[in-house]
Each structure stands twice: as C-alpha cells, then as structure tokens.
Amino acid sequence: MLSTFNDALNSDRFIVTAEVAPPKGTDISATLEDADLIRGWVDAINITDNQHAVMRMSPVVVGKLLMDAGHEVIVQFTCRDRNRLALQSDILAASVLGIRNLCVMTGDYPTKGDHVGAKPVYDLDSVQLLSLITKMMDGHDMAGNELAGAPSFTIGAVSNTEAARRMQMIKLKKKIDAGAQFIQTQAVYDVEGFGEFMDSFTHPDVPVIAGIIPLRSAGMARFMNGNVPGIRVGDELISRMEDAEDPVQEGLEIAAESIRELRKMCRGVHMMPIGGNSNTPKLLEMAGISALQ
Amino acid sequence: MIISSSKPFSEILDMLMDKESVFIIGCSVCAAKQHVGGEPEVEEMSSNIKDAGVNVIGGVVAKAACSVRSREYLEELAPKIKDADAVLVMACGSGTSNIARFVDVDVYPANNTESLGAMAGDKIIHHLCAMCGQCTIAEFGGVCPTAQCPKELLNGPCGGSMDGKCEVDPEKDCAWELIYERLERIGRLDLLDEVRDAKDRLVK
Ligand code: SF4
Ligand code: SF4
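How each quantity is defined
Residues numbered from 1 in each chain as written. Chains lettered and ligands numbered in written order. Predicted model: local features only at pLDDT ≥ 70, side-chain atom pairs only at ≥ 80, totals over all residues. Heavy atoms only, no water. UniProt positions renumbered as here; feature names shortened; annotations may be inferred. Contact = heavy atoms within 4.5 Å. Buried area = accessible area lost by both parts, 1.4 Å probe. Salt bridge = Lys/Arg side-chain N within 4 Å of Asp/Glu carboxyl O. Nonpolar A, V, L, I, M, F, W, Y, C, P; charged D, E, K, R; others polar. Helix = DSSP H or I, 4+ residues; strand = E, 2+ residues; numbered from the N terminus. Near = heavy atom within 4 Å.

- Per an unreviewed UniProt entry, chain B carries the name Methylene-tetrahydrofolate reductase C terminal and comes from Methanococcoides vulcani.

- Chain A is annotated in an unreviewed UniProt entry as 5,10-methylenetetrahydrofolate reductase of Methanococcoides vulcani.
- Under the heading Sequence similarities (unreviewed entry), UniProt records this for chain A: "Belongs to the methylenetetrahydrofolate reductase family."

So this is what it looks like as structure tokens:
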C-alpha cells in the first residue's frame, strides 16, 4: 500500500517531494506523464496553483486525478484567487476527494502572470489561511458554524531561506504557530546561507524541505539572481556553469552536491525543475538517494 | 488628500465631442493642490476645449467639489451652469459624483482618482490609507499594510520582495520593510509577534 506523506514526515527517512504543474487546457496527459517520471522516487508530488499567476487547471482536481493514478499529492493553495468562501469550499472539496496534504502560500501578484487585469483577492493571508484550515479540521468554518464532517490534512507552508530577513523569519514562526506541519523552501544554492537559516529557525521539530532547481545555464543563474526573490546563486557556481561543456549536466552535478550537503541539515528536498521532471530520477541517483520501495 | 491625475486630453475631448455647451467645475482643495483642478487648470482646460472646436460656456472653481450642498448653491456660484448640456468636473471621483447629484445633464470626469495619500512639496505619496473602515494602523506603527501592500498582508511580507522593494512595483518600497523599520525605530518590534486576524470586508 502507498504510504502517506505524513508517514514519511514521521519516519526518519530523507524526504523527497517534487513539483508537477496542471495543464493549461483539458489535456491532462503531459501532467500524468511528468508525474509518472518520478513514480517511486518521491514521497509526494506538489501540484501548483495557477503558479506565477498563469491560469491552469484547478490543482484540487489534478490532485484527485494523480491520486487515482497512484500518486501521493500535496495540493498547493494560494491566497490570490479565492475569497474565504471559495477557499473553504475548495478545502472541503479537496478533503472529500481524498487529498491528504495541502501547502499554503500567498501567491504571485496577477501582474506577474498571463491575466494581468485579474482582480487580486488576498482576502486572507497565508497565516490566516493556515489558521482557517486548522479551525476547519477542528470542525468549524471561519464564521464559527459547525461543519457536518471535518476535513483532515497534513498542512504545510513555504519560506525563503534568508536568515537576515527578520520579517520573513517572524512570519515563518507565525505560520508554524498557525498550524504548518512542514515547510518547503525557495530554491537553495547557497548551502552555507541555508545553514544560517536553519540555525535561526525557531522550530527544529518542524520538517524543512529545501527547494532544488537544477541550473541549466549560466544565463539562467544570472536571470534568477536579478529577478527571482529569495534566490542567490554565488559567483563560483556561475563560473562553473560558464566553463561547463555540458551545462545541463553541470547543473545536475551542482544540484547533487547541494542535496548531499542539505541532507545533513534538513529533512528533505523539494524538486522544482524547469520544464518537467525528466532529469529528476537521474539527479536523485547522482545525489545518492535511491528509489523508494 | 485624495490623489488624482489628469486624464489624457484626447479622452476628455472624446467625451465632449457632441456637446454644445460645456461647463467646467474645478475644486480648490486636493485637485488644486495637485494642479489638476485649480483656477489655472480650469482656464487652460477651457481654452484647450474651445481650441478643439467644442463650445465652453463657463467655468468655476468650487471651494470643495465634495462639499457642494445643493443645486441652488451651485447655481448661485455659477448661474450659467443652467444652460450647460454637459459638466466637466476637474476634481476627484467623490467630488464628481457629488456634483452629479445636483445637475440634470451628463457629468464627465477630467481626472482619474487614484488613492488616498499625501503631498510632500510637489512629491505625491500614494496609498497611505485604503479606507477600510476599521482602522488598525497603530498595530503597524502607522504604516498601513492594507493600503501600502498590494496583497494587503497583515502578518508579514510575501516572498516576492527583492532588495526591500515590492514584487508588484519595484519602484516602491515593500510595505513590510517600512513597517519593520518604523517599529524598530520606535522600539515596538513586539507588535510584530501578534497574529493579526483577517479584516471583515464590510465597508464597500
Ligand atoms: S487600517 Fe489602513 S486602510 Fe484601514 S482606515 Fe486605517 S489606514 Fe486606512
Ligand atoms: S513585496 Fe511587500 S508590499 Fe509588495 S506585495 Fe509583497 S509584502 Fe506586499
């Protein structure tokens, strides 16, 4: 029988999660294929929620389809697109469809995506949404009404990993106090900086799963440094990428080295490869992580 | 102060193109201070519209467009307004709407109303208050995240701020950066530890 993500969190195993995006359109095949590439390699698959504010299929529905195909899923919930009524409806829907894990985040602003004129909702922030899910699991909706059947989830949240950003660290603590049981992070390239983050993390008992995005070129690294908040690729890595004959392979090497280091510092890694998971099993093997039983 | 900016003249002209007698009303409060509805702007607007071939029968600057209290008051202030078939208001949206309560012809806005803010000299400071109707600004040291953070986040920043700037507009400081700095300065960082509940959105 498939073990749940919660079982993995409660084990002493190094955890691997990976991201899969819903389709833009009704053709689900590419999403199912991407998930199949990592079958047996990951403890759970995160399904993104209109990621980067680009419209795609509902992650709740994709979560159900992937569960039917035998995958354990973590459905992401952003605060951008739904008010408190719609969020609660979808939380109940996710529960009744058998989805066991949610991961909550604020969500990129609509102007970052492909429907720049969309109304930004943000009725709740991520801390408030975590509190709400906790309250629903206790059998009540946000207004205090009793639920006929309470949902049950393992809930997580996200974080950047810069210890110096004190306000981010305060918010992270609030997320955990509001019920977050695991934390998935932005992509880590600065392993030392990540160590400082772990040192200043107030809840050593809460599993931290470090984000990994394999580099594909030096240009990608520079682009991320200039444009992606919370990511810092050091000069040394950029020159390695520049000098590499096969930059994609070099990016995987770098990621594998990071994973080996991160393994000593946190509970798991979260793979967010650009363009799908075709290299994910290979990368995990390079990092010395074997497939699950 | 209510922050507004002038609409492009071509847009104003399009609205008035088929009118025969336009009357212009400015406002001597916020719009005048921002040079989008004071005496000189009303005069300039009047001559520009005339130059474009549309008849303007007069103009006046109300003491405050939002406190015009009756049709009689308006007609006393500007008797010619009775003959107008269109009124162009150079004020904020609330001033324009208030004027519309007292005239029975088309009322057109000359300005786009943008936010509740302030002016420091000639510099306009946007989004200081979003008029939520339940002021909790003291919890944030006087920097309101409902107004200054595009995501209205009450418990800390999103992951999108970069170098202290906002994900949504890199020209703008992240509201949470400002809140932190301000609370540090006044020795009230303790306020940040509190979890803030979602606001009831009762006021619309
Ligand atoms: S909390 Fe903010 S938006 Fe609400 S009234 Fe106070 S300053 Fe205005
Ligand atoms: S960067 Fe700061 S101000 Fe901008 S949306 Fe995020 S938290 Fe709000």
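Points about the interface of chain B and chain A
Then step 1. Taken residue by residue, the interface counts 27 residues in chain B and 28 residues in chain A.
Then step 2. Buried area between chain B and chain A, both sides added, is near 2300 Å², and the carbon and sulfur share of it is 53%.
Then step 3. Taken as a group, Lys151(B), Asn155(B) and Met162(B) account for 24% of the area that chain B buries against chain A, more than any other trio of residues on that side.
Then step 4. At the junction of chain B and chain A, the tally comes to 3 salt bridges.
Then step 5. Here Asp123(A) and Arg201(B) are joined by a salt bridge, their closest N and O atoms 2.9 Å apart.
Then step 6. Its residues assigned to classes, the side of chain B that touches chain A shows 12 nonpolar, 5 polar and 10 charged.

Considerations on the UniProt feature "domain: Methylene-tetrahydrofolate reductase C-terminal-like" (unreviewed entry) in chain B
Then step 1. Mapped onto the present numbering, the UniProt feature "domain: Methylene-tetrahydrofolate reductase C-terminal-like" (unreviewed entry) falls at residues 108-200 of chain B.
Then step 2. The distance separating the terminal C-alpha atoms of residues 108-200 of chain B is 33 Å; by composition the span is 16% helix and 20% strand.

Some words on the environment of Ser217(A)
Residue and element names in this part refer to chain A.
Then step 1. Residue placement: Ser217 occurs in the loop between strand E7 (208-212) and helix H8 (218-227).
Then step 2. Sequence separation of Ser217 and Val54 is 163 residues, and the distance between their C-alpha atoms is 24 Å.
Then step 3. Ser217 has contacts with Met241 and Pro247, leaving out every residue within four places of it along the chain.

Here's the deal with the site of ligand 1
Then step 1. Around ligand 1 sit Cys129(B), Ala130(B), Met131(B), Cys132(B), Cys135(B), Thr136(B), Ile137(B), Cys144(B) and Lys199(B), and that is every residue in its neighbourhood.
Then step 2. Residues that form the shell around ligand 1 fall into these classes: 7 nonpolar, 1 polar and 1 charged.

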